[in-house]
Amino acid sequence: MTTATDDLSRSTSDTLYLQIAERLARSIRSGTLARGARIPSVRELARQQGVSPSTAVQAYRALEDARLIEARPRSGYFVAARPARLPEPEPSAPPASSLAVDVSSLAEQVLKLAMSPDHISFGAVCPSADLFQQERIRRAVSRAAQRHRASLCTYPVGPGHLDLRRAIARHALRMGCQLEPHQLVVTNSCLESISLCLRAVTRPGDVVALESPTHFSFLEILESLHLRALEIPTHPRTGLSLDALQLAFDTQPVKAVLAVPTLSNPLGSSMTLADRRRLAQMCGQQGIPLVEDVIYNDLAEQEDKRRAVKAFDSSGHVMICGSFSKTVAPGLRLGWLEAGRWSTEVQRLKAVQSGAHTELLEHAMADVLTQPGQESAFRQMRATVAARMDAARHLIAESFPKGTRVTDPAGGFILWVELPGGLDSMVLSQACLERRICIAPGTMFSATDRFRHCIRLGFGGRWDETQQAALREVGAIARRLLGG
Ligand SMILES: Cc1ncc(COP(=O)(O)O)c(C=O)c1O
């Protein structure tokens with residue numbers, strides 16, 4: 001059992017290694033430490049900074065996770081060479097008025113193929129089993145079955161077992177959030193959490209502001225609740241334009257904002273800390289709820305990008321929604337939410353909609369989350385997907401048509417690709433399907449038709465020579481369609 005004092009002393013040493021990592025990161029980004037240059041050994045760094053070798057190791061690990069440095073066997077540490085620099089897509093410029101949504105049939109079709117074992121799939125963003133610590137999760141499930149023998153034969157009631165809600169509250173501290181376990185609701189998934197929050201604060205016909213492009217499942221939720229989508233200009237690196245959002249607040253009847261401030265889908269954008277603070281303030285001042293999706297926060301390479309907007313919420317206008325589908329154990333199907341000032345209404349909706357969950361799995365998740373190994377599981381996952389994303393960006397630079405633009409997200413496993421020459425992603429997608437390769441055409445990610453020249457590629461699935469050859473083939477098909 002850890003105490004508040006343990007947490008405090010841990011957070012002081014955490015801050016120290018992060019401070020060192022941050023200083024070095026600034027020197028690398030500004031070019032003071034050149035790409036490819038050797039940097040001090042762990043021992044030298046510890047001496048220079050007056051810290052223990054283990055703090056120096058932690059600082060270097062954080063920089064490795066951020067792909068800013070690399071260890072070369074028997075040679076030491078070097079500033080990493082950044083993969084081939086491709087131009088990034090322009091910030092989006094959606095129309096200033098809201099639209100009814102109709103995307104579900106295309107999304108359904110693409111998802112079906114994306115999950116088919118006959119296809120090589122870049123179409124979905126479901127992480128494959130090898131990215132998870134399967135044995136640890138299996139052990140937690142069997143431990144739960146041993147320790148809570150009666151739970152399968154006991155009718156569960158309420159918004160989630162308190163052990164899991166406590167574990168989630170502790171987990172949320174990593175995002176800078178102090179959540180009260182009794183205010184948390186356990187759900188089936190992040191999308192269920194989002195749907196419940198939107199239902200609590202909107203009525204059919206209301207306007208919801210969201211990123212542009214946005215996750216197609218969000219559009220499907222809006223469609224099913226008869227809500228209108230107001231797409232807000234979004235920068236591929238820094239996310240929602242808050243000036244544009246303020247203008248929308250001033251000129252449109254916005255009833256809620258739905259955003260993914262960390263590693264948005266499909267852009268992979270992550271808001272700055274200053275913007276996170278400002279967004280919380282804006283929503284508080286205007287009395288407009290923000291439904292914040294934090295599903296990818298644990299995958300962000302930099303600590304400050306893992307901090308939720310909820311951490312800056314002093315008025316209860318942020319409804320935070322998460323799940324463990326992408327980062328801990330997709331098969332346990334567990335999500336969560338804390339709905340701020342709408343807590344009572346959301347708890348009521350949840351009880352009416354689907355009631356309580358399988359307590360056995362809640363116990364298993366609480367166990368997994370509170371094990372000391374979970375932090376290193378996140379680190380390992382971040383490092384694996386970072387290496388994969390570098391390789392994918394290299395392949396895109398080599399094989400896609402000249403003029404292709406691609407995002408460079410600070411974590412996660414999604415790339416957004418802007419195709420040159422007005423290439424129609426629906427045509428490219430069809431041509432790829434003939435080769436049994438599934439990609440997600442840009443039209444799925446907006447209520448408008450503005451992203452027809454874009455595709456989303458997901459790299460959470462298997463990643464070996466077959467997938468790499470398939471990615472090259474997508475590039476070759478795109479070149480051929482452009483007559484190159
Ligand atoms: C941003 C975002 N939120 C939510 C989800 C879905 O999560 P869950 O399966 O927990 O509903 C996804 C899946 O792609 C996603 O990208």
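Every chain's residues receive numbers from 1 upward, in the order its sequence appears when written. Note on the predicted model: pLDDT of at least 70 is required for a residue's local features to be given, and 80 or more for side-chain atom pairs to be given and counted; whole-chain, interface and lining totals, by contrast, use all residues. The side-chain values count all of the structure's non-hydrogen atoms but skip hydrogen atoms and water molecules.

## Let's talk about the overall build of the chain
Test applied: Secondary structure elements follow DSSP: runs of H or I of four or more residues count as helices, runs of E of two or more count as strands, with numbering from the N terminus. Radius of gyration here is computed from C-alpha atoms only, and the compact-globule reference equals 2.2 Å multiplied by the residue count raised to the power 0.38. Exposure is judged per residue with a 1.4 Å probe applied to protein chains only, and the accessible area is read against the type maximum: over 50% gives exposed, under 20% gives buried, and values in between give partly exposed. Contacts were defined at the residue level, with two residues in contact if any of their heavy atoms lie within 4.5 Å. Shrake-Rupley sampling with a 1.4 Å probe provides the accessible areas, and residues are treated as covered by the protein chains on show and by no other component. In this tally, Asp and Glu contribute negative charge and Lys and Arg positive charge; neither His nor the terminal groups of the chain are included. The atom standing in for a charge is NZ when the residue is Lys, CZ when it is Arg, CG when it is Asp and CD when it is Glu.
From N to C terminus, the chain includes 15 helices and 17 strands. What you see for the chain is a C-alpha radius of gyration of 22 Å, in line with the 23 Å of a compact globule of 484 residues. Buried residues in the chain amount to 54% of all 484 residues. The contacts in the chain between residues at least 6 apart in sequence include a share of 75% that link residues at least 24 apart. When the accessible surface of the chain is totalled, it reaches about 20800 Å², and 51% of it is carbon and sulfur. The chain carries 57 positive and 49 negative side-chain charges, and their two centres are separated by 4 Å.

## Overview of the site of the ligand
Where we set the bar: Residue proximity to a molecule or strand is established when one non-hydrogen atom of the residue lies within 4 Å of it. Nitrogen and oxygen atoms within 3.5 Å of one another constitute a polar contact, given that in protein one can donate a hydrogen and the other can accept it, and given that sequence-neighbouring residues count only through two side-chain atoms. Just so you know the grouping, Ala, Val, Leu, Ile, Met, Phe, Trp, Tyr, Cys and Pro go in nonpolar, Asp, Glu, Lys and Arg go in charged, and all remaining residues, Gly too, go in polar.
Taken together, 13 residues surround the ligand, and among them Asn-265, Asp-293, Tyr-296, Ser-323 and Ser-325 come closest. A distance of 3.5 Å separates an oxygen atom of the ligand from a polar atom in the side chain of His-215. In this structure, Arg-333 approaches the ligand through a side-chain N or O atom, which is 3.2 Å from an oxygen atom. About the coverage of the ligand: the protein hides 92% of its 400 Å² of free accessible area. Looking at the shell around the ligand residue by residue, the classes come out as five nonpolar, five polar and three charged.

## Let's talk about the side chain of Ser-212
Looking at the secondary structure, you find Ser-212 in strand β6 (residues 207-212). With relative accessibility at 0%, the residue Ser-212 sits in the buried group. Looking at Ser-212, its side chain comes within polar contact range of the side chain of Glu-231, at 2.8 Å.

## Observations concerning the pairing of strand β11 (residues 318-323)
Test applied: Here a strand pair is declared whenever DSSP counts at least two bridges between the two strands.
Counting buried positions along β11 gives six out of six residues, so the element sits mostly inside the fold. Burial along β11 is two-sided: the face carrying Val-318, Ile-320 and Gly-322 and the face carrying Met-319, Cys-321 and Ser-323 are both buried. Bridge count for strand β10 (residues 290-293) against β11 is four bridges, and the pairing is parallel. Within β11, the position partnered with Leu-290 by the bridge is Val-318. Relative to strand β12 (residues 335-338), β11 is paired through four bridges, and the arrangement is antiparallel. Among the inter-strand pairings, Ile-320 is bridged to a residue of β12, identified as Glu-338.

## Here's the deal with the nonpolar core
Quick reminder of the rule: Working definition of a nonpolar core: buried Ala, Val, Leu, Ile, Met, Phe, Trp, Tyr and Cys residues. They are joined through side-chain atoms within 4.5 Å. Residue ranges for the domains trace back to a domain assignment, done automatically or taken from a database.
Counting 98 residues, the largest nonpolar core has Phe-122, Leu-198, Leu-457, Phe-459 and Leu-471 as the members making the most contacts within it. Counting contributing residues per domain, this core is built from domain 2 (104-130 + 375-481) and domain 3 (134-373), each supplying no fewer than three. Not counting the four nearest positions on each side in its chain, Phe-459 is found in contact with Phe-122, Arg-388, Met-389, Ala-392, Phe-413, Leu-415 and Leu-471. One finds Leu-242, Leu-279, Ala-280 and Leu-290 within the second-largest nonpolar core, a separate group that totals 23 residues.

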